[in-house]
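Chain residues, written in single-letter form:
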Amino acid sequence: MAKLSKTRCVLAVPELATSLAYYRDQLGMELEFEAPGWAFLARGAFAVMLGDCPDALAPAATGDHAYFAYVTVEDVDALYAEYRARRLDFIKLLRDEPWGMREFGLCTVDGHRLMFGQELG
């Protein structure tokens, strides 16, 4: 069976330069590659591919469908503190959940929703 080696989320964004700056400067991701209308970024195993789509439906218009990823991290408390210091837009504050995760959620500059969590115990 073929091995799946990496996941890259593909996101339509209304203004590529603004989104690129947010993912790089606010989320701490590194720019891996750029092509006309595209930016590829990653932080560890979490990778995104941002596509410049100024006429696409805004993520906020999709409600709960604006969630695009759940990223499992090794030190969720440290990541939460890093993002709190940057005053990001939290949609869920850090807390333990009955499904065995300690997690928090963000809303990106474009309105996409993103969850981060760590397994409890």
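Everything in this summary refers to the structure shown in the same document. Since the structure is predicted, the reported quantities are computational estimates derived from the model, not experimental observations.

On to the nonpolar core. Here is a general trend for soluble globular proteins: nonpolar side chains tend to be buried in one another's company. Tyr23 and Phe104 are the most contacted members of the largest nonpolar core, which totals 29 residues. What phenylalanine 104 contacts, discounting residues up to four positions off in sequence, is Val76, Leu79, Tyr80, Tyr83, Phe90, Lys92, Leu93, Leu94, Leu114, Met115 and Phe116.

Another point: the layout of surface pockets. For the largest pocket, the calculated volume is near 260 Å³. If you trace the largest pocket, you find 15 residues lining it, with Arg43, Phe46, Val71, Thr72 and Val73 closest to the centre. Among the secondary structure elements, those contributing two or more residues to the lining of the largest pocket are β4 (46–52), β5 (67–72) and α2 (76–85). Looking at the lining of the largest pocket, its residues break down into eleven nonpolar, three polar and one charged.

If you walk across this open sheet you meet the four strands as β1-β4-β3-β2, and the pairing is mixed. The open sheet terminates on both sides in strands that have one partner only, identified here as β1 (8–13) and β2 (30–35). When the angles between neighbouring strand axes are averaged without regard to direction, this sheet yields 20°.

Moving on: unusual backbone geometry. Positive phi is not limited to glycine here, since arginine 87 has a value of about 55°. In this structure, arginine 87 sits in the loop between α2 and β6 (90–96). Using a relative accessible area of 76% as the deciding quantity, one classes arginine 87 as exposed.

This paragraph deals with the side chain of glutamate 103. Inspection of the secondary structure assignment puts glutamate 103 in strand β7 (residues 101–107). Engagement of the side chain of glutamate 103 in a polar contact is seen with the side chain of tyrosine 70, the distance being 2.5 Å. Within the structure, glutamate 103 has its side chain in polar contact with the side chain of lysine 92 (distance 2.4 Å). Ignoring any residue separated from it by four or fewer positions in sequence, one finds glutamate 103 in contact with Tyr70, Lys92, Leu93, Leu94, Arg95, Glu97, Met115, Phe116 and Gly117.

Parameters and conventions
- Residues numbered from 1 in each chain as written.
- Predicted model: local features only at pLDDT ≥ 70, side-chain atom pairs only at ≥ 80, totals over all residues.
- Heavy atoms only, no water.
- Core = buried A, V, L, I, M, F, W, Y, C linked by side-chain atoms within 4.5 Å.
- Buried < 20%, exposed > 50% of the residue type's maximum accessible area, 1.4 Å probe, protein only.
- Contact = heavy atoms within 4.5 Å.
- 1 Å grid on protein atoms, 1.4 Å probe; cavity = no way out; pocket = protein on both sides within 12 Å on 5 of 7 lines; lining within 4 Å.
- Points joined across faces, edges and corners; volume = space filled by probe spheres on them.
- Helix = DSSP H or I, 4+ residues; strand = E, 2+ residues; numbered from the N terminus.
- Nonpolar A, V, L, I, M, F, W, Y, C, P; charged D, E, K, R; others polar.
- Pairing = 2+ DSSP bridges.
- Axes fitted to C-alpha atoms, helices over the stretch in contact; angles between N-to-C directions.
- Polar contact = N/O pair within 3.5 Å; in protein donor to acceptor, adjacent residues only side chain to side chain.

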